[in-house]
Amino acid sequence: MAFIGHQFCRAFSSSTLRSVAIKHVVIVGGGQMGAGIAQVAASTGHQVTLVDTSEAILAKGVKGIETSLKRVVKKKFADKPEAGEAFIEKVLGCVSTATDVGAVVESADLVLEAIVENLKIKQDLFSGIDKVAPEHTIFASNTSSLPIGDIASVTSRLDRFGGLHFFNPVPMMKLVEVIGTSSTSQDTFDSLVNFSRALGKTTVSCKDTPGFIVNRLLVPYMLEAVRLHERGHGSKEDIDVAMKLGAGYPMGPFELLDYVGLDTAKFILDGWSAMDADNPLFAQSPLLNKLVAEGKYGKKTGEGFYKYK
Ligand code: 3HC
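Read on for a plain summary of the structure. Computed from a prediction, not measured in an experiment: that's the story for all the values here.

1. As for the overall build of the chain
Part 1: Along the backbone of the chain there are twelve helices and eight strands.
Part 2: Relative to the globule expectation of 19 Å for 309 residues, the C-alpha radius of gyration of the chain, 20 Å, shows essentially globular dimensions.
Part 3: Structurally, the chain occupies a C-alpha span of about 60 × 50 × 35 Å along its principal axes.
Part 4: Pairs at least 24 residues apart make up 67% of the contacts formed inside the chain by residues separated by at least 6 positions.
Part 5: Put simply, the chain shows about 14700 Å² of open surface, and 57% of that area lies on carbon and sulfur atoms.
Part 6: Each charge sign in the chain was given a centre, from 33 positive and 34 negative side chains, and these centres are 5 Å apart.

Next up, the structure:
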């Protein structure tokens, strides 16, 4: 697929860097996170290549971008529907797709992965493209639970490797956590910060520690809600209402767990409890384990703590 909206992409490329001016971003992983990141990058004029293993997954990812753009445009261009249509066309024109990552990295300034949370698969991806990507290309991971340093360790560009952790839904959530390992160069870190800001996001600096900032606080909070419910101290509906109306959270912990994915939450928790089994914050939850074992992952499977149409 060609860059139909080339002019737009170039005109709005706005990452101004001492080191790498990030204009062309290769995003590996066409799921919810990858497609969301592709959307905001293309919306801010970057050239985006979205990569996944099959055309069907890519088509679904692009369709998701289009649907989300329509929601954005409905508000942003409320009085000018034609300008809204034109904007969608331009943004989609900045997104190309590919199934062979090795074939599209030659002009990439940044390769960002948002694939399955499996260290070996992420390492295989980066060790493969490390051999073919240009010298200046920065690699980054959107992992929510794995150490960035472990992923980077298989590459020859430890100084040009960092973490960019986005939040779901990416077009709405204003934060990006920027993670530097002990080997990430200052120029690389600055490039990642500037790129995130060019996407319209606010950044926070994180160390390469489990859960960075947000998940380290959010996941134990959500799991504590499940344990409170398991002890019979509150219904999930009441706990959700309590946190929304009593603490001003947009979603209650059970709604948010269903939104994030119970499989993802369990994966994060399991990784942490393997490292620190005695930490009560990382204790297993029989209810969460049961739902995951039954394939009830939340919104994406139609059922988690709640049922969805
Ligand atoms: N794309 C574009 N716009 C979207 C959108 C999307 N995917 N999702 C929501 N919106 C916008 C739309 O403009 C929508 O307006 P519309 O009704 O005209 O389409 C507006 O948001 C309001 O959406 P809704 O009416 O559907 O629902 P809410 O008012 O509850 O907002 C929400 C939805 C923004 C998701 C809000 O509930 C929220 O902020 N929830 C908390 C999300 C959160 O905490 N995310 C972080 C999870 S942790 C994570 O991702 C890290 C990972 O590593 C686990």
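2. Section: the side chain of Ser144
Part 1: Looking at the secondary structure, you find Ser144 in the loop between strand S5 (138-141) and helix H6 (148-152).
Part 2: Excluding residues within four positions of it along the chain, Ser144 makes contact with Glu117, His165, Gly211, Asn215, Thr264 and Ile268.

3. Points about the sheet that holds S5
Part 1: Pairing within the open sheet is mixed, and its eight strands lie in the order S3-S2-S1-S4-S5-S6-S7-S8. Only two strands of the sheet have a single neighbouring strand rather than two, namely strand S3 (95-98) and strand S8 (202-207). Adjacent strand axes in the sheet meet at a mean angle of 25°, parallel and antiparallel pairs treated alike.
Part 2: Both strand S1 (residues 24-28) and strand S4 (residues 110-113) contribute to a ladder of four bridges, which runs parallel. Counterpart to Val25 in the pairing with S4 is Leu110.
Part 3: Where helix H2 (residues 32-43) meets the sheet, its contacts fall on S1, strand S2 (47-51), S3 and S4, and the angle it forms with S2 comes to roughly 165°.

4. Some points on the nonpolar core
Part 1: With 38 residues, the main nonpolar core has Leu110, Leu164, Phe166 and Phe195 as its most contacted residues.
Part 2: Ranked by residues supplied to this core, first place goes to H2 with six residues.

5. Regarding the layout of surface pockets
Part 1: The computed volume of the second largest pocket comes to approximately 310 Å³.
Part 2: Lining the second largest pocket are 15 residues; nearest its centre among them are Val40, Ser43, Pro171, Leu199 and Lys201.
Part 3: Taken together, the residues of the lining of the second largest pocket break down into eight nonpolar, four polar and three charged.

6. Things to note about the environment of Asn118
Part 1: Along the chain, Asn118 falls in the loop between S4 and helix H5 (119-130).
Part 2: Along the primary structure Asn118 and Leu146 are separated by 28 residues, whereas in three dimensions their C-alpha atoms are 8.1 Å apart.
Part 3: At a separation of 3.0 Å, a polar atom in the side chain of Asn118 contacts the main-chain amide nitrogen of Ile121.

7. Topic: the site of the ligand
Part 1: Taken together, 20 residues lie near the ligand, and Ser68, Arg71, Lys75, His165 and Asn168 sit nearest.
Part 2: At 2.7 Å from an oxygen atom of the ligand is found a side-chain nitrogen or oxygen belonging to Lys75.
Part 3: Asn168 places a main-chain nitrogen or oxygen 2.8 Å from a nitrogen atom of the ligand.
Part 4: Protein chains bury 70% of the 1000 Å² of accessible surface belonging to the ligand in isolation.
Part 5: Those elements giving two or more residues to the shell around the ligand turn out to be helix H3 (55-76), helix H8 (214-230) and helix H10 (253-260).
Part 6: Per element, the largest residue contribution to the shell around the ligand is five residues, and it comes from H3.
Part 7: Residues belonging to the shell around the ligand are distributed by class as follows: twelve nonpolar, five polar and three charged.

8. Notes on the pairing of S2
Part 1: Counting buried positions along S2 yields five of five residues, so the element is predominantly enclosed.
Part 2: The alternating pattern of S2 places Gln47, Thr49 and Val51 and Val48 and Leu50 on opposite faces, both of which are buried.
Part 3: Once you follow S1 into H2 and on to S2, the crossover reads as right-handed.
Part 4: Bridging between S2 and S3 involves four bridges; their strand directions are parallel. Note on S3: the bridge partner recorded for Val48 is Val95.

9. Here's the deal with a positive patch on the surface
Part 1: Side chains of Arg71, Lys74, Lys75 and Lys299 sit close together on the surface and give a patch of like positive charge.
Part 2: Relative to the assigned elements, Lys299 resides in the segment after helix H12 (286-293).

10. Concerning the environment of Met275
Part 1: Tracing the backbone shows Met275 in helix H11 (residues 262-275).
Part 2: C-alpha separation for the pair Met275 and Asn289, spaced 14 residues apart in sequence, amounts to 18 Å.

11. Considerations on the packing of aromatic side chains
Part 1: All told, the structure shown has seven aromatic pairs when counted by the stated rule.
Part 2: Summarising the aromatic geometry, the rings of Phe139 and Phe161 are spaced 6.1 Å apart at their centres and angled 85° between planes, so their arrangement reads as edge-to-face. Of this pair, Phe139 sits in strand S5 while Phe161 sits in strand S6 (residues 161-165), and the two are 22 residues apart along the sequence.
Part 3: According to the relative accessible area criterion, Phe161 is buried, its value standing at 0%.
Part 4: Between the aromatic rings of Trp272 and Phe282, the centroid separation amounts to 5.2 Å while the plane-to-plane angle is 50°, which identifies the pairing as tilted. Residue Trp272 is located in helix H11, and its partner Phe282 is located in the loop between H11 and H12; the two are separated by ten residues in the primary sequence. For the residue pair Trp272 and Phe282, the accessibility class agrees, reading buried in each case.
Part 5: An aromatic cluster is defined as three or more aromatic residues linked by ring pairs; in this entry it consists of Phe126, Phe139 and Phe161.

Each value, and the rule that gives it
For every chain, the first residue of the written sequence is number 1, and numbering continues from 1 onward in sequence order. This being a predicted model, a pLDDT of at least 70 is required before a residue's local features are given, and a value of 80 or more before pairs of side-chain atoms are given or counted; all residues contribute to the totals for chains, interfaces and linings. Heavy atoms throughout the structure, all of them, feed into the side-chain values; hydrogens and water do not. Helix numbering and strand numbering both begin at the N terminus, where a helix is a DSSP run of H or I of at least 4 residues and a strand a DSSP run of E of at least 2. Radius of gyration here is computed from C-alpha atoms only, and the compact-globule reference equals 2.2 Å multiplied by the residue count raised to the power 0.38. Throughout, a contact is declared for two residues whenever any of their heavy atoms are within 4.5 Å. Here the open area of atoms and residues is found with the Shrake-Rupley method and a 1.4 Å probe, where only the protein chains shown may cover a residue. Positive charges come from Lys and Arg, negative ones from Asp and Glu, while His and the chain ends are left out of the count. Charge positions are represented by NZ for Lys, CZ for Arg, CG for Asp and CD for Glu. A pair of strands is labelled paired if DSSP reports no fewer than 2 bridges between them. With axes taken as lines fitted to C-alpha atoms, and helix axes fitted only over the stretch in contact, angles between N-to-C directions fall between 0 and 180 degrees. As used in this record, nonpolar core signifies buried Ala, Val, Leu, Ile, Met, Phe, Trp, Tyr and Cys residues forming a set joined through side-chain atoms within 4.5 Å. Note on classification: 1.4 Å probe, protein chains only; a residue is buried when its accessible area is under 20% of the maximum for its type, exposed when over 50%, partly exposed between these limits. Think of a 1 Å grid over the protein atoms and nothing else: a 1.4 Å probe that fits but is trapped marks a cavity, an open set flanked by protein within 12 Å on at least five of seven lines marks a pocket, and residues with an atom within 4 Å of a point count as lining. Grid points are joined across faces, edges and corners, and a volume is the space filled by probe spheres set on the points. Three classes are used, and their members are as follows: Ala, Val, Leu, Ile, Met, Phe, Trp, Tyr, Cys and Pro are nonpolar, Asp, Glu, Lys and Arg are charged, and the others, Gly among them, are polar. The term polar contact refers here to a pair of N or O atoms within 3.5 Å; inside protein, the definition further demands a hydrogen-donor-capable atom paired with an acceptor-capable atom, and it admits residues adjacent in sequence only when both atoms are side-chain atoms. For each residue, the test is whether any non-hydrogen atom lies within 4 Å of the molecule or strand; if one does, the residue is near. Viewed with both strands pointing away, a crossover whose connecting path from the first strand over the helix to the second turns clockwise is right-handed. For patches, a residue must show more than 30% relative accessible area and have no salt bridge; joins then use 9 Å for like charges and 5 Å for nonpolar side chains, namely Val, Leu, Ile, Met, Phe, Trp and Tyr. A pairing counts as a salt bridge when a side-chain nitrogen of Lys or Arg comes within 4 Å of a carboxyl oxygen of Asp or Glu. Pairs were defined over the aromatic rings of Phe, Tyr and Trp, the Trp ring being its six-membered one, requiring ring centres within 6.5 Å. Orientation was assigned from the angle between planes: stacked under 30 degrees, edge-to-face over 60, tilted for the rest.

Fair warning: the whole summary comes from geometry, so function is off the table for now.
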